[in-house]
Amino acid sequence: LGGGPLAGRHVLVTSGPTHEPIDPVRYIANRSSGAQGTALAAALRDLGADVTFVTGPASVPPPAGVRVVRVETAREMLAAVEAALPAEAAIFAAAVADWRVANAGVQKMKKDGSGRAPALEFAENPDILATVSRLAEGRPRLVVGFAAETETVVDHATAKRARKGCDWIVANDVSPATGIMGGAENAVVLITDAGAEAWPRMGKDAVARQLAARIAAALG
Ligand code: C5P
């Protein structure tokens, strides 16, 4: 058995985008690469944790040495997370689609020759982070959310922490000019009950190692 401060501790990490089908061949997605969630899962593994990694269709491969559960949609991700609990800590790094297509086609949608485009209807997806944060029974001791913002990052992330009921929010500015989404670096603000801590810009691997160390310290 390996050692490390998280040896034998079960930690859940979600990562990557979700794909929400429009019809059997088309989907709605987002630009998340899964890089930060993947780095975090690897860093937690390196501290000895028993990691369940629930991942949407990411553009980077999952780390070795973790239990990988592959999903496509937000609803599948929620089911996989619920099946993976209990865990001592749960880190929600996935960029989950807020909406799914309510009138997704069972068959491929076809042009009907009328010149009219189809109208998509949307339904709200379950909020996985909020659902797990509010569990009356079996809530992980530490629940961490991410907040990708493009403006007033600390205010929005602080409000998000309260709204979702999680313990920490890792906030970052994903404005296109930062190059963070899909890039190798991240500049995060860690929001806890003690306030906001701005970390210097560093590689996503370094952010992951520092976060993993903080998680290990918080679990004791
Ligand atoms: O509300 P917003 O999507 O900005 O919240 C981001 C945080 O919530 C992330 O930690 C993300 O993984 C999580 N989330 C979730 N389920 C959703 C939407 C977001 O777990 N449906």
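In what follows, the structure referred to is the one given above.
Residues numbered from 1 in each chain as written. Predicted model: local features only at pLDDT ≥ 70, side-chain atom pairs only at ≥ 80, totals over all residues.

Colleague: Honestly, the sheet that holds strand S12 (residues 188-192) in this entry has me stumped. Any pointers?
Modeller: Note: strands within a sheet are paired through backbone hydrogen bonds, in either parallel or antiparallel orientation. Taken in spatial order, the eight strands line up as S5-S4-S1-S6-S9-S10-S12-S13 in an open sheet, and their pairing is mixed. Bordering the open sheet on either side are strand S5 (67-70) and strand S13 (195-198), each of which pairs with just one other strand. With direction set aside, neighbouring strand axes in the sheet form an average angle of 15 degrees. Strand direction decides the pairing type here: strand S9 (residues 142-149) and strand S10 (residues 168-173), joined by six bridges, are parallel. The residue bridging Gly145 from the neighbouring strand is Ile169, located in S10. Those strands touched by helix H2 (residues 74-84) are strand S1 (10-15), strand S4 (50-55) and S5, and its axis lies near 165 degrees from that of S4. Seen against the sheet, helix H5 (residues 204-219) touches strand S6 (89-92), S9, S10 and S12 and runs at an angle of roughly 150 degrees to S9. (Pairing = 2+ DSSP bridges. Helix = DSSP H or I, 4+ residues; strand = E, 2+ residues; numbered from the N terminus. Axes fitted to C-alpha atoms, helices over the stretch in contact; angles between N-to-C directions. Contact = placed C-beta atoms within 7 Å.)

Colleague: Explain the nonpolar core here, please?
Modeller: Soluble globular proteins tend to bury their nonpolar side chains together. With 60 residues, the main nonpolar core has Val13, Leu40 and Leu44 as its most contacted residues. The dominant element in this core, judged by the number of residues it contributes, is helix H1 (residues 35-46), at seven residues. When sequence neighbours within four positions are dropped, the list of residues in contact with Val13 reads Gly37, Leu40, Ala41, Leu44, Val51, Phe53, Ile91 and Ala93. (Core = buried A, V, L, I, M, F, W, Y, C linked by C-beta atoms within 7 Å. Buried ≥ 20, exposed ≤ 12 C-beta atoms within 10 Å, placed from the backbone.)

Colleague: Quick question: what am I supposed to make of the environment of Arg70 here?
Modeller: By the element assignment, Arg70 lies in strand S5. According to the C-beta neighbour criterion, Arg70 is partly exposed, with 14 such atoms within 10 Å. For the pair Arg70 and Arg45, spaced 25 residues apart in sequence, the C-alpha to C-alpha distance is 18 Å.

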